[in-house]
Amino acid sequence: MDLPRVVIIGGGFGGLDAARALANAPVRITLLDRHNHHVFQPLLYQVATAALSPGDIASPIRWILRHQQNVEVLLADVRTIDPASRTVVTDHETLPYDYLIVATGAAHAYFGHPEWASRAPGLKTLDDALEMRRRVLLAFEAAERETDPAAQRRLLTFVIIGGGPTGVELAGALGEIARQTLRQDFRRIHPESSRIVLLEGGPHLLSAFPAKLRDAAGVSLRQLGVEVRTGTAVTAIDDDGVVAGGERIPAQTILWAAGVAASPLAASLGVPLDRAGRVAAEPALNLAGHPEIFVAGDICAFVQDGKPLPGVAQVAKQQGAHAAKNIRHAVRGEALEPFHYVNFGNVATIGRGAAVVDIGPIHASGWLAWLFWLFLHIFWLVGFRNRAAVLGEWAWAYVTLQRRIRLITGGQVWPVSRE
Ligand SMILES: Cc1cc2nc3c(=O)[nH]c(=O)nc-3n(C[C@H](O)[C@H](O)[C@H](O)COP(=O)(O)OP(=O)(O)OC[C@H]3O[C@@H](n4cnc5c(N)ncnc54)[C@H](O)[C@@H]3O)c2cc1C
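A short tour of the structure in this document, coming up. Only a predicted model underlies this, so the values are computations on that prediction, with no experimental measurement involved.

Description of the overall build of the protein
Each helix and strand in the protein was counted, giving 11 helices and 27 strands. Counting only residues that meet the buried cut, the protein has 53% of its 419 residues in that class. Restricting to contacts in the protein with at least 6 residues of sequence separation, those with at least 24 account for 65%. As presented, the protein carries roughly 18600 Å² of accessible surface, and 56% of it is formed by carbon and sulfur atoms. Across the protein, 40 positive and 39 negative side-chain charges occur, with their mean positions spaced 5 Å apart.

Right, dumping it as structure tokens:
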């Protein structure tokens, strides 16, 4: 008998947990991803700031699922989905499905300014992280060669746009690089005099956290020398720097940690999308009119208790597993179950030894919170080797204040030409 064919698009948090939750189910699974690896995105900023190597936070999807006999993994870029014919069109072939899980995540969004992308790269993939690392390290190198004080100042100014967890983590790590890691490495410049500016358009940093923890994060950032500006919207990004709150900030390095929009694949499903391009899902995570198509993770717009669920890993993992559970129900001819998210809390770190933790009644900041953050991330990483490698790197960095992976790769030219 032919087993039902499940196609899962995306080997991120949602897709991977969906595939795993279908282990031993009477289905044939094809998991498609345009990358051959799963990335632990919460630690991407550590690759971007030279603390970890790409291999420490990513693993081949094929390897992760090697023991699961009912799944095949294909490296493929999905171009479109045709719900009418129940097919998925990739860059190589057209694949039929009986059940489909779309878990293709999100992409950067520049608030209607796509031209900002080349000047202010975002952080989503390993390539993005390596590009950020390249720009940051290259700025210090160029400053060491520069003789004009104003140009040198501009080269040593780093602007991070977006005061969510990623922006806060990037700013904290850049503060450490400038004030601690590179202190003794240069002869003509003083890296510790670098200007690091964190811009947030809204009234608060870390808006999902309680006020006390938001304040604690601001204090930790200022201790690292980060200039925090909330309520400051960016209106222009150009070759010279940024314009924010009506003020021009000359800067060579601008990093984007602000907007995200759902994967463009959402549009091919032919159902209503929300303002961020996410698919409005039914309570069981399937699509209205298409009970065989499920969405999970950042691509899924799901409202619970009157509020949309955030684009975080826990939501994606729980939705991926739930979509899989409902496919098991559907295969057996049973009714589908509605999804309910269980929030385990929020954590964010601000450099070495400081973090904020908001888990149920526990609201903590400081060193203990950082230790909790550290072990939580080690626990969630995929693979023992990665866990051991990351723990080793962090222990070494904690003691020495060093960031070992300070390698400039991908050429030594600026991404935008300057006269
Ligand atoms: C820098 C950063 C830091 C973050 N920090 C945290 C954090 O601290 N805590 C937290 O909970 N969450 C964090 N998040 C959010 C979390 O990583 C996402 O919510 C989660 O990854 C969403 O899972 P997903 O499965 O929906 O998508 P993803 O994990 O993004 O996976 C999508 C997968 O789909 C693949 N794909 C996309 N389009 C196609 C296509 N057309 N064809 C084939 N394959 C495709 C991609 O290659 C990718 O593997 C962070 C995100 C980022 C970017």
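Once the structure has been displayed, the description carries forward.
Overview of the pairing of strand E16 (residues 247-250)
As paired strands, strand E15 (residues 241-244) and E16 are joined by 4 bridges and run antiparallel to one another. Residue pairing in the sheet places valine 242 in a bridge with isoleucine 249 of E16. Taken together, E15 and the strand that follows it, E16, pair antiparallel across an intervening segment of 2 residues, in which glycine 245 is found at a positive phi of about 55°.

Topic: the sheet that holds strand E27 (residues 362-366)
Overall, antiparallel pairing links the 3 strands, which are arranged E25-E26-E27 in an open sheet. Bordering the open sheet on either side are strand E25 (346-349) and E27, each of which pairs with just one other strand. Mean inter-strand twist for the sheet, computed between neighbouring axes without regard to direction, equals 5°. In this structure, E25 lies alongside strand E26 (residues 355-359), joined through 4 bridges in antiparallel fashion. By the bridge assignment for E26, asparagine 346 is matched with aspartate 358.

Remarks on the sheet that holds strand E9 (residues 99-102)
Each strand in a sheet pairs with its neighbour through backbone hydrogen bonds, running either in the same direction (parallel) or in the opposite one (antiparallel). In spatial order, the strands read E5-E2-E1-E9-E21-E20; together these 6 strands make up an open sheet with mixed pairing. Two strands close off the open sheet at either side, each with one partner strand: strand E5 (71-75) and strand E20 (286-287). Contacting strand E1 (5-9), E9 and strand E21 (290-295), helix H9 (residues 313-331) runs over the sheet at an angle of about 170° to E9.

A short note on the pattern of salt bridges
Going through the model one piece at a time under the given rule, you end up with 21 salt bridges. Note that arginine 403 is salt-bridged to glutamate 176, the shortest N-O span being 2.8 Å. Placement of the pair is arginine 403 in the segment after helix H11 (384-400) and glutamate 176 in helix H7 (residues 165-181), with a sequence separation of 227 residues. Each member of the pair, arginine 403 as well as glutamate 176, carries the same accessibility label: buried. In the salt-bridge network here, residues are joined through shared partners; they are Arg154, Asp238, Asp240 and Arg248.

Here we look at the side chain of threonine 181
By the secondary structure assignment, threonine 181 is in helix H7. Note on threonine 181: relative accessible area 2%, which makes it buried. What threonine 181 contacts, discounting residues up to four positions off in sequence, is Glu176, Leu401, Gln402, Arg403 and Arg406.

Let's talk about helix H5 (residues 126-145)
Between its first and last C-alpha atoms H5 spans 29 Å; for 20 residues at 1.5 Å apiece the expected length is 28 Å, and the two agree. Where burial is concerned, most of H5 is hidden: 15 out of the 20 residues are buried.

Focus on the environment of alanine 76
Here alanine 76 is to be found in the loop between E5 and strand E6 (78-82). According to the relative accessible area criterion, alanine 76 is buried, its value standing at 7%. Placed 127 residues apart in sequence, alanine 76 and proline 203 show a C-alpha to C-alpha distance of 42 Å.

Regarding the site of the ligand
Near the ligand there are 26 residues, and of these Gly14, Asp33, Gln41, Val78 and Asp298 occur at the shortest range. Coverage of the ligand by the protein chains reaches 89% of its 990 Å² of free accessible surface. Counting only elements with at least two residues in the shell around the ligand, the list comes to helix H1 (13-21) and H9. Tallied by class, residues from the shell around the ligand come to 10 nonpolar, 11 polar and 5 charged.

A few points about the nonpolar core
Counting 63 residues, the largest nonpolar core has Leu43, Ile57, Phe140, Ile160, Leu221 and Val356 as the members making the most contacts within it. If we ignore the near neighbours within four places in the chain, the residues touching isoleucine 57 are His38, Val39, Phe40, Leu43, Leu44, Val47, Leu52, Leu126, Leu381 and Asn386. Among the nonpolar cores identified, the runner-up in size contains 51 residues, and Ile29, Val71, Val88 and Leu309 belong to it.

A closer look at helix H10 (residues 367-380)
What sets the pattern is the α-helix's 3.6 residues per turn: residues three or four places apart point alike. Helix length check: H10, at 14 residues, gives a terminal C-alpha distance of 20 Å against a target of 20 Å (1.5 Å per residue), a fit within 8%. Of the residues making up H10, those classed as buried are Ala369, Trp370, Trp373, Leu374, His377 and Ile378. Among the structural elements, helix H2 (44-48), H7, E25, E26, E27 and H11 are those in contact with the buried residues of H10.

So, unusual backbone geometry
Note on backbone geometry: most residues besides glycine have negative phi, and most peptide bonds are trans. Here phenylalanine 111, not a glycine, exhibits a phi torsion of approximately 50°, which is positive. Inspection of the secondary structure puts phenylalanine 111 in the loop between strand E10 (106-109) and H5. The exposure class assigned to phenylalanine 111 is exposed, which follows from its relative accessible area of 59%. Here leucine 206, not a glycine, exhibits a phi torsion of approximately 45°, which is positive. A relative accessible area of 1% places leucine 206 in the buried class.

A closer look at the packing of H1 against H9
At their nearest, the axes of H1 and H9 sit 7 Å apart, and the two run at 35° to each other. Like other packed secondary-structure pairs, H1 and H9 cross with a definite hand, here right-handed. Facing H1, whose interface residues are Phe13, Gly14, Asp17, Ala18 and Ala21, H9 presents Ala313, Ala316, Lys317, Gly320, Ala321, Ala324 and Arg328. The class makeup of the residues in the contact of H1 with H9 is 7 nonpolar, 2 polar and 3 charged.

Criteria and thresholds
Residues numbered from 1 in each chain as written. Predicted model: local features only at pLDDT ≥ 70, side-chain atom pairs only at ≥ 80, totals over all residues. Heavy atoms only, no water. Helix = DSSP H or I, 4+ residues; strand = E, 2+ residues; numbered from the N terminus. Buried < 20%, exposed > 50% of the residue type's maximum accessible area, 1.4 Å probe, protein only. Contact = heavy atoms within 4.5 Å. Areas by Shrake-Rupley, 256 points an atom, 1.4 Å probe, with all protein chains shown as cover. Lys, Arg positive; Asp, Glu negative; His and termini not counted. Charge placed at Lys NZ, Arg CZ, Asp CG, Glu CD. Pairing = 2+ DSSP bridges. Axes fitted to C-alpha atoms, helices over the stretch in contact; angles between N-to-C directions. Salt bridge = Lys/Arg side-chain N within 4 Å of Asp/Glu carboxyl O. Expected span 1.5 Å × (residues − 1). Near = heavy atom within 4 Å. Nonpolar A, V, L, I, M, F, W, Y, C, P; charged D, E, K, R; others polar. Core = buried A, V, L, I, M, F, W, Y, C linked by side-chain atoms within 4.5 Å. Left-handed = near helix turned anticlockwise from the far one by under 90°.

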